Amino acid sequence: QHYSGLEEAVYRNIQACKELAQTTRTAYGPNGMNKMVINHLEKLFVTNDAATILRELEVQHPAAKMLVMASHMQEQEVGDGTNFVLVFAGVLLELAEDLLRMGLSVSEASYVIEGYEKACKKALEILPDLVCCSAKNLRDVEEVASLLHTSVMSKQYGNERFLAKLIAQACVSILPDSGHFNVDNIRVCKIVGAGVSASSVLHGMVFKKETEGDVTSVKDAKIAVYSCPFDGMITETKGTVLIKNAEELMNFSKGEENLMDLQVKAIADSGANVVVTGGKVADMALHYANKYNLMLVRLNSKWDLRRLCKTVGATALPRLTPPTPEEMGHCDSVYLSEVGDTQVVVFKHEKEDGAISTILIRGSTDNLMDDIERAVDDGVNTFKVLTRDKRLVPGGGATEIELAKQITSYGETCPGLDQYAIKKFAEAFEAIPRALAENSGVKANEVISKLYAVHQEGNKNVGFDIEAEAAAVKDMLEAGVLDTYLGKSWGIKLATNAAVTVLRVDQIIMAKPAGGPKPPSGKKDWDEDQND
């Protein structure tokens, strides 16, 4: 099947992308609405995080998939700002469609593409001049918290101060001296009950597990970690034992018991007082562990084992051999605690230089806690971006309006058909403050004209005031609404690339499947994965 020319190929692609962008546009900013997404496994998501919405929606249209890829790139590169990419790319395509409908032919669409690319380059040149401040000290919890407000606010409006403080404490406490911050070192543990404000930060790790034995708390713990089951040895080869009478049977099981006793005693003698195992715990082993006062914790996931090893500085042993002092981990206290009605095992460091921090999230429902987890995730990623580049630009549409103003005047100086595209590119930036205003229920045109008026006077940092009743503007630097410089520059780059890629298409060719109807896509692979 061939689809070619403006009507069939280009407008079709643009239409698909516009609809996708329209979906996430209403979820942009603090006052954005939530979406209810039910994925192919019938799991329910209630969120306004564009990255999650896109991950769970199965986008079929090939052109819309390009936008999805661009926002995935933004998620990997910056970890926040996925919605910005979508909204911006969607508007770029919408405005390109206007130009094409004015009478440009498909071959002349290259002028639009050139114009967009020129404008994008210009925007990235202007951006460094719009930087309004930089993060001074990333080890100061108060300062870091104030910088994380904006990214947390767009997900959890109303709880941002509390959550930003938690995230800042967790991030600052594990920021190594080298400055190489790893996002995975901040764990999130969700426990139903209480409210968001009951959440807290712990240095160390929290597992939703109970201990196996009788010992439930150990101070100054020496930890032996095993990746195998805590059980007697099973012979490698199959063997048959002939037992002729009861006495032999007694001796046989006695030998097994003694062997187990010796193994557990050897572990206890090495100084270890906590044993963490990755497999099942045999009853007999449990009995001896209680006899020698060992605390037993069982973790099913090998990822959890690895993270725990990293936290306490242990080496996971593949067999039940007594650990050497180097292989043992150390931790200030390990104890069984009850949060709400959930039993948790806490591995806690008193000092703040631990390798891993855990944010304990409380909330009334699972969906709510998932959403808070996404907010935490965005906050942690923002911190990581700041460790790479400390520059910040004003938020609330201030940066966008300033870019729009400067690129419009740049467009005036360009001869040729490009200039229409460049002006459209500038106009596209208005979509961001427009989306913020529309989602807050304020007249968007008023906001934008006010912003332009103030920016003409040279106030670069003035953006849309979300909290005001009417269309009001205020200084974003004073209000503390700041975006990361890297997030913005990547966002503009990726959105333009995606839009240009879609515009470059002038023909869609679909190969018909050979022989008979095709099975529904994705089903077969999924079943095979399940069998693996």
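Our subject is the structure listed above.
Residues numbered from 1 in each chain as written. Predicted model: local features only at pLDDT ≥ 70, side-chain atom pairs only at ≥ 80, totals over all residues. Heavy atoms only, no water.

## Comments concerning the pattern of salt bridges
Quick reminder of the rule: Throughout this description, the term salt bridge denotes a Lys or Arg side-chain nitrogen within 4 Å of a carboxyl oxygen of Asp or Glu. For every residue, the accessible area (1.4 Å probe, protein chains only) is compared with the maximum for its type, and the residue is labelled buried under 20%, exposed over 50%, or partly exposed between those bounds.
The tally for this structure, following the rule as stated, stands at 27 salt bridges. Its salt-bridge partner being glutamate 56, residue arginine 55 comes within 3.9 Å of it at the nearest N-O pair. On the accessibility criterion, arginine 55 (47% relative accessible area) is partly exposed. A salt bridge links aspartate 483 to lysine 488; its shortest N-O distance comes to 3.0 Å. Classification of aspartate 483 by relative accessible area gives partly exposed; the value is 23%. One salt-bridge network, in which partners are shared between bridges, spans Lys18, Glu97 and Arg101.

## Some details on the packing of aromatic side chains
How two aromatic rings sit relative to each other is set out by the distance from centre to centre and by the angle between their planes. Quick reminder of the rule: Any pair of Phe, Tyr and Trp rings, taking the six-membered ring for Trp, is counted once the centres come within 6.5 Å. Such a pair is stacked with planes under 30 degrees apart, edge-to-face with planes over 60 apart, and tilted for the rest. Counting as a charge over the ring demands two things of the Lys NZ or Arg CZ atom: a distance within 6 Å of the ring centre and an angle within 35 degrees of the ring normal.
Applying the stated criterion across every chain yields a total of 7 aromatic pairs. Members of the aromatic cluster, joined through ring pairs, are Phe84, Phe88, Tyr116, Phe425 and Phe429. Taking the ring centre of phenylalanine 45 as reference, the NZ or CZ of lysine 43 above it sits at 4.6 Å. The cationic tip of arginine 101 hangs over the ring face of tyrosine 11; the distance from NZ or CZ to the ring centre is 3.9 Å.

## Looking at the environment of arginine 391
Test applied: To qualify as a helix, a DSSP run of H or I must reach at least 4 residues; to qualify as a strand, a run of E must reach at least 2; elements of each kind are numbered from the N terminus. A contact between two residues is defined here by any heavy atoms of the two lying within 4.5 Å.
Within the secondary structure, arginine 391 is located in strand E14 (residues 391-394). Residue classification places arginine 391 among the partly exposed residues on the basis of a relative accessible area of 30%. C-alpha of arginine 391 to C-alpha of histidine 330: the two residues are 61 residues apart in sequence and 38 Å apart in space. When sequence neighbours within four positions are dropped, the list of residues in contact with arginine 391 reads Pro128, Val131, Cys133, Ser134, Thr484 and Tyr485.

## A look at the nonpolar core
Applied cut-off: Residues belong to a common nonpolar core when they are buried Ala, Val, Leu, Ile, Met, Phe, Trp, Tyr or Cys residues joined through side-chain atoms within 4.5 Å.
With 75 residues, the main nonpolar core has Tyr116, Ile407, Phe425, Phe429 and Ile492 as its most contacted residues. Of the residues forming this core, the biggest block, 13 residues, is contributed by helix H4 (residues 82-101). Other than its neighbours up to four places away in sequence, isoleucine 492 contacts Phe84, Phe88, Cys120, Ala123, Leu124, Leu127, Leu403, Phe425 and Phe429. Among the nonpolar cores identified, the runner-up in size contains 34 residues, and Leu147, Val152, Val201 and Val376 belong to it.

## Quick look at the packing of helix H5 (residues 109-126) against helix H12 (residues 398-412)
Under the convention used in this document: Every angle, taken between N-to-C directions, lies between 0 and 180 degrees, and every axis is a line fitted to C-alpha atoms, over only the stretch in contact when it is a helix. Note on angle classes: values under 35 degrees are labelled roughly parallel, values over 145 roughly antiparallel, values of 65 to 115 roughly perpendicular, and the remainder oblique. By definition, any crossing whose near helix is turned counterclockwise from its far helix by less than a right angle is left-handed, and any crossing with a clockwise turn is right-handed. Ten residue types, Ala, Val, Leu, Ile, Met, Phe, Trp, Tyr, Cys and Pro, are classed as nonpolar, four, Asp, Glu, Lys and Arg, as charged, and the remainder, Gly among them, as polar.
Running from N to C, H5 and H12 cross one another at 130°; their axes reach a closest spacing of 10 Å. Put simply, H5 runs oblique to H12. For the element pair H5 and H12, the recorded crossing hand is right-handed. Facing Lys118, Ala119, Lys122, Ala123 and Ile126 of H5, the residues of H12 in contact are Leu403, Gln406, Ile407 and Tyr410. Looking at the contact of H5 with H12 residue by residue, the classes come out as 6 nonpolar, 1 polar and 2 charged.

## Some remarks on the environment of cysteine 17
One can find cysteine 17 in helix H1 (residues 5-25). Taking relative accessible area as the criterion, cysteine 17 reaches 0% and is therefore assigned buried. Look past the residues within four positions of cysteine 17 in its chain and what remains in contact with it is Ala63, Ala64, Leu67, Leu93 and Val502.

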